[in-house]
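Overview (structure and organization)
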Amino acid sequence: LNNIAAIYNNLGQTANGLDYFNRSLKIRGEVGDTRGMAQSLNNIGAIYFKQGKTKEALEHYNRSLELYTSISNKPGIAYSLNNSGFVYYTQGETDKALENHKKALVLYEEIPEKRGVSNSLYYIGLVLVKQNKAAEAIPYARRSLQTAREGGYAEAIRNAYLVLAQTDSATGNN
């Protein structure tokens, strides 16, 4: 059901996607699949975020975080932290965003998971730029770029360059 939901979501049929993710969540709960429930909650949160329903997105990301934490699933914890951190970022709650992204970075480094490291570094840089701390963001963006290049993650490379461009603009190095 989760895969069907993802297909609907990718086709832009978010109502059907949400329906199938919720069905998946219910079944996973009935069979005691904690990891699967956490995945479904993250997916539901992503749909709500895409719809601009940040409160609902955050609620689902945080529930997902609780479940991942209960089973000590570090990749899931980190993923949920970055998701909720990005919601906080979009709401202007940059201190909470930064805290979540830094926690996610630590977990991704422990695993290790390069894509997660690169994404977390990107998010930290993005938040620091928003906090008018562009000079502090530069090392995070550079490290994000380096990690993304090592892994061959095209989207992460693009994201790192975007933050570097923002830091250059903010510090007058353009």
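The notes below deal with the structure included here.

About the cut-offs
Residues numbered from 1 in each chain as written. Predicted model: local features only at pLDDT ≥ 70, side-chain atom pairs only at ≥ 80, totals over all residues. Heavy atoms only, no water. Helix = DSSP H or I, 4+ residues; strand = E, 2+ residues; numbered from the N terminus. Rg over C-alpha atoms; globule rule 2.2 N^0.38 Å. Buried < 20%, exposed > 50% of the residue type's maximum accessible area, 1.4 Å probe, protein only. Salt bridge = Lys/Arg side-chain N within 4 Å of Asp/Glu carboxyl O. Polar contact = N/O pair within 3.5 Å; in protein donor to acceptor, adjacent residues only side chain to side chain. Contact = heavy atoms within 4.5 Å. Axes fitted to C-alpha atoms, helices over the stretch in contact; angles between N-to-C directions. Parallel < 35°, antiparallel > 145°, perpendicular 65-115°, else oblique. Left-handed = near helix turned anticlockwise from the far one by under 90°. Nonpolar A, V, L, I, M, F, W, Y, C, P; charged D, E, K, R; others polar. Core = buried A, V, L, I, M, F, W, Y, C linked by side-chain atoms within 4.5 Å.

Looking at the overall build of the protein chain
The helix and strand tally for the protein chain stands at nine helices and zero strands. Going from N to C terminus, the protein chain has its helices and strands arranged as α-α-α-α-α-α-α-α-α. For 174 residues, the compact-globule estimate of 2.2 N^0.38 gives 16 Å, and the protein chain sits close to it at 17 Å. In terms of overall dimensions, the protein chain has C-alpha extents of about 55 × 30 × 30 Å along its principal axes. The burial tally for the protein chain puts 45% of its 174 residues in the buried class.

Considering the pattern of salt bridges
What the rule picks out here adds up to nine salt bridges. Put simply, R143 and E109 hold a salt bridge, and the shortest N to O gap is 2.3 Å. Of the two residues, R143 sits in helix α8 (residues 134-151) while E109 sits in helix α6 (residues 94-110), which places them 34 residues apart along the sequence. Judged by its relative accessible area of 35%, R143 is partly exposed. Residue E109 is classed as partly exposed on the basis of its relative accessible area, which comes to 34%. For K114, the salt bridge goes to E150, with nearest N and O atoms at 3.0 Å. Here K114, found in helix α7 (residues 114-130), pairs with E150, found in helix α8; they are 36 residues apart in sequence, far enough to count as distant.

Topic: the side chain of T14
Note on placement: T14 falls in helix α2 (residues 14-30). Look at T14 and you get buried, because its relative accessible area is 18%. Among the polar contacts made by the side chain of T14, one reaches the side chain of Q51 at a distance of 3.5 Å. Not counting chain neighbours up to four residues away, the residues in contact with T14 comprise Y8, N9, I47 and Q51.

What to know about the packing of helix α5 (residues 74-90) against α7
Between α5 and α7, whose axes approach to 11 Å, the crossing angle comes to 15 degrees. By the angle class used here, α5 and α7 are roughly parallel. Once α5 is placed against α7, the crossing between them reads as left-handed. Residues N82, F86, Y89 and T90 of α5 pack against G116, S120, Y123, L126, V127 and K130 of α7. Split by residue class, the contact of α5 with α7 holds five nonpolar, four polar and one charged.

Here's the deal with the nonpolar core
Of all hydrophobic cores here, the largest spans 43 residues; its most connected members are I44, I77, L81 and V163. Contributing elements (two or more residues each) for this core: α2, α3 (34-50), α4 (54-70), α5, α6, α7, α8 and α9 (154-171). Residue contributions to this core peak at nine residues, all from α7. For L81, the residues in contact, after removing those within four places along its chain, are L65, N100, K103, A104 and L107.

Observations concerning the side chain of R28
Mapped onto the fold, R28 is located in helix α2. The class of R28 is buried, set by a relative accessible area of 18%. When sequence neighbours within four positions are dropped, the list of residues in contact with R28 reads N2, D33, G36, M37, Q39 and S40.

Looking at the environment of V129
The residue V129 is located in helix α7 in this model. Residue class for V129 comes out buried when judged on its relative accessible area of 15%. The spacing of V129 and K55 is 74 residues in sequence and 24 Å in space, taken between C-alpha atoms. Sequence-distant contacts of V129, defined by excluding residues within four places in its chain, comprise A134, A137, V163, Q166 and T167.

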